[in-house]
Amino acid sequence: MSRVGVLALQGDFEAHQRALADLGVEAVQVRTARELDSLDALVIPGGESTTMLKLLESENLLEPLRSFGLERPIFGTCAGAILLARQVENPAQPSLGLIDISVVRNAYGRQVDSRVARIRLEGELARRSGRQEIEAVFIRAPIIRRTGDGVRVLASYQGDPVLIEQGRHLVATFHPELSPDRLIHRYFLEKVEACES
Ligand code: GLN
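Throughout what follows, the structure given in this document is the object of discussion.

### Re helix α7 (residues 183-196)
- In this model α7 runs 20 Å from its N-terminal to its C-terminal C-alpha over 14 residues, within 8% of the 20 Å that 1.5 Å per residue would give.
- Considered for burial, the residues of α7 that qualify are Leu183, Ile184, His185, Tyr187, Phe188, Leu189, Lys191 and Val192.

### Some thoughts on the site of the ligand
- All residues in the neighbourhood of the ligand are listed as Gly46, Gly47, Glu48, Ser49, Cys78, Ala79, Ile82, Arg105, Asn106, Ile139, Arg140 and His175.
- For the ligand, a nitrogen atom lies 2.7 Å from a polar atom in the side chain of Asn106.
- His175 is positioned such that a nitrogen or oxygen atom in its side chain is 2.8 Å from a nitrogen atom of the ligand.
- Here the ligand loses 98% of its free accessible area of 300 Å² to cover by the protein chains.
- The residue makeup of the shell around the ligand, split by class, is four nonpolar, five polar and three charged.

### Some thoughts on the sheet that holds strand β12 (residues 169-172)
- If you walk across this open sheet you meet the nine strands as β2-β1-β3-β4-β12-β11-β10-β7-β8, and the pairing is mixed. Strands with a single pairing partner mark the edges of an open sheet, and in this sheet they are β2 (28-30) and β8 (133-139). In this sheet, neighbouring strand axes are inclined to one another by 25 degrees on average, regardless of whether the strands run parallel or antiparallel.
- For strand β7 (residues 114-121) and β8, the ladder comprises seven bridges, and the chain directions are antiparallel. Within β8, the position partnered with Ile119 by the bridge is Ile134.
- The sheet strands contacting helix α1 (residues 13-22) are β1 (4-7), β2, β3 (41-44) and β4 (74-77), and the helix crosses β1 at an angle near 160 degrees.
- Across the sheet, helix α4 (residues 62-71) touches β1, β3, β4 and β12, and the angle it forms with β3 is around 125 degrees.

### Digging into the sheet that holds strand β6 (residues 99-104)
- The strand order β5-β6-β9 describes an open sheet built from three strands, whose pairing is mixed. The open sheet has two free edges, formed respectively by β5 (85-89) and β9 (143-147), since each of these has just one partner strand. Taken over all neighbouring pairs, the strand axes of this sheet differ in orientation by 25 degrees on average, direction set aside.
- Across four bridges, β5 lies against β6 in parallel orientation. Bridged to Ala85 within β6 is Ile99.

### Points about unusual backbone geometry
- Here the amide bond leading from Asn90 into Pro91 is cis, since omega sits at -10 degrees, within 30 degrees of zero.
- Along the chain, Pro91 turns up in the loop between β5 and β6.
- The backbone phi angle of Asn90 is positive, close to 70 degrees, even though this residue is not glycine.
- Inspection of the secondary structure puts Asn90 in the loop between β5 and β6.
- Assessed through its relative accessible area of 45%, Asn90 is described here as partly exposed.

### Looking at the packing of aromatic side chains
- For the structure shown, the criterion picks out five aromatic pairs.
- With a centroid separation of 5.2 Å and an interplanar angle of 35 degrees, the aromatic rings of Phe75 and Phe188 are classed as tilted. One end of the pair, Phe75, is in strand β4; the other, Phe188, is in helix α7, and 113 residues separate them in sequence. For the pair shown, Phe75 and Phe188 are each scored as buried.
- Here the aromatic cluster, defined as three or more aromatic residues joined through ring pairs, consists of Tyr108, Phe138, Tyr157 and Phe174.

Cut-offs applied
- For every chain, the first residue of its written sequence is number 1, and the numbers climb from 1 along that sequence.
- Only residues with pLDDT of at least 70 are given local features in this predicted model, and only at 80 or more are side-chain atom pairs given and counted; all residues enter the totals for whole chains, interfaces and linings.
- Excluded from the side-chain calculation are hydrogens and water; included are all heavy atoms of the structure.
- Put simply, DSSP marks the helices as runs of H or I at least four residues long and the strands as runs of E at least two long, and each gets a number from the N terminus on.
- A helix is expected to reach a length of 1.5 Å times the quantity of its residues less one.
- Accessible area is worked out with a 1.4 Å probe on protein chains only. A residue is then buried under 20% of its type maximum, exposed over 50%, and partly exposed in between.
- By convention in this text, a residue qualifies as near a molecule or strand provided that one of its non-hydrogen atoms is within 4 Å of it.
- Distance and chemistry together define a polar contact, namely a pair of N or O atoms within 3.5 Å, with one atom able to donate a hydrogen and the other to accept it when in protein, and with adjacent residues in sequence counting only for side-chain atoms on both sides.
- Computed with the Shrake-Rupley method and a 1.4 Å probe, the accessible areas treat only the protein chains shown as cover for residues.
- When residues are sorted by character, Ala, Val, Leu, Ile, Met, Phe, Trp, Tyr, Cys and Pro go into the nonpolar class, Asp, Glu, Lys and Arg into the charged class, and all the rest, Gly among them, into the polar class.
- Note: two strands are recorded as paired if DSSP finds a minimum of 2 bridges between them.
- Helix axes are fitted only over the stretch in contact, all axes being lines through C-alpha atoms; the angle between N-to-C directions runs from 0 to 180 degrees.
- We call two residues in contact whenever any of their non-hydrogen atoms come within 4.5 Å of each other.
- When the centres of two rings from Phe, Tyr and Trp lie within 6.5 Å, Trp using its six-membered ring, the rings pair. Their planes under 30 degrees apart give stacked, over 60 give edge-to-face, and anything left gives tilted.

Shown next, in the form of structure tokens:
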């Protein structure tokens with residue numbers, strides 16, 4: 001059984017814990033670099049990336065997280081996706097740069113900033129699940145504007161990628177932890193197991 005942590009500085013980390021518990025994984029809350037040591041994988045939840053960044057800086061967690069991600073899988077959702085990206089716009093802010101994507105924050109505009117939508121599954125995820133669409137909860141979501149060569153798109157919405165993977169890492173601009181469907185968390189756990197073997 002994989003040991004999974006959820007970064008618990010800010011945001012909806014408890015919803016991720018519940019999603020993982022549904023799949024039989026008791027994920028632990030992570031607030032210090034030392035707590036990362038014993039883990040096989042980490043989830044960075046949604047929330048407010050600017051606030052999370054400040055807390056990561058004040059807790060001296062940025063470098064430990066970066067090193068963790070060079071060896072072990074991270075699943076970032078929404079604000080977590082922003083923290084994992086190589087480049088962040090609107091406005092620009094520092095990030096872990098572990099995934100070769102550029103993101104634009106709050107990119108769906110103020111009026112329609114949160115919604116539940118059907119997104120289209122692609123590639124490996126569509127093949128493995130045999131499904132074409134799933135429900136996705138977007139809350140002041142970023143848009144992925146650029147994907148580098150090693151990035152694979154697993155789902156899209158209105159023509160933009162909303163779920164991607166690069167190597168061991170997985171990124172969603174929406175909140176799979178807020179839908180009853182556990183497809184995406186299951187996919188992440190399968191990735192984690194594949195990394196371990
Ligand atoms: N808008 C937030 C940010 O820029 C992300 C929102 C979310 O995580 N639901 O950090």
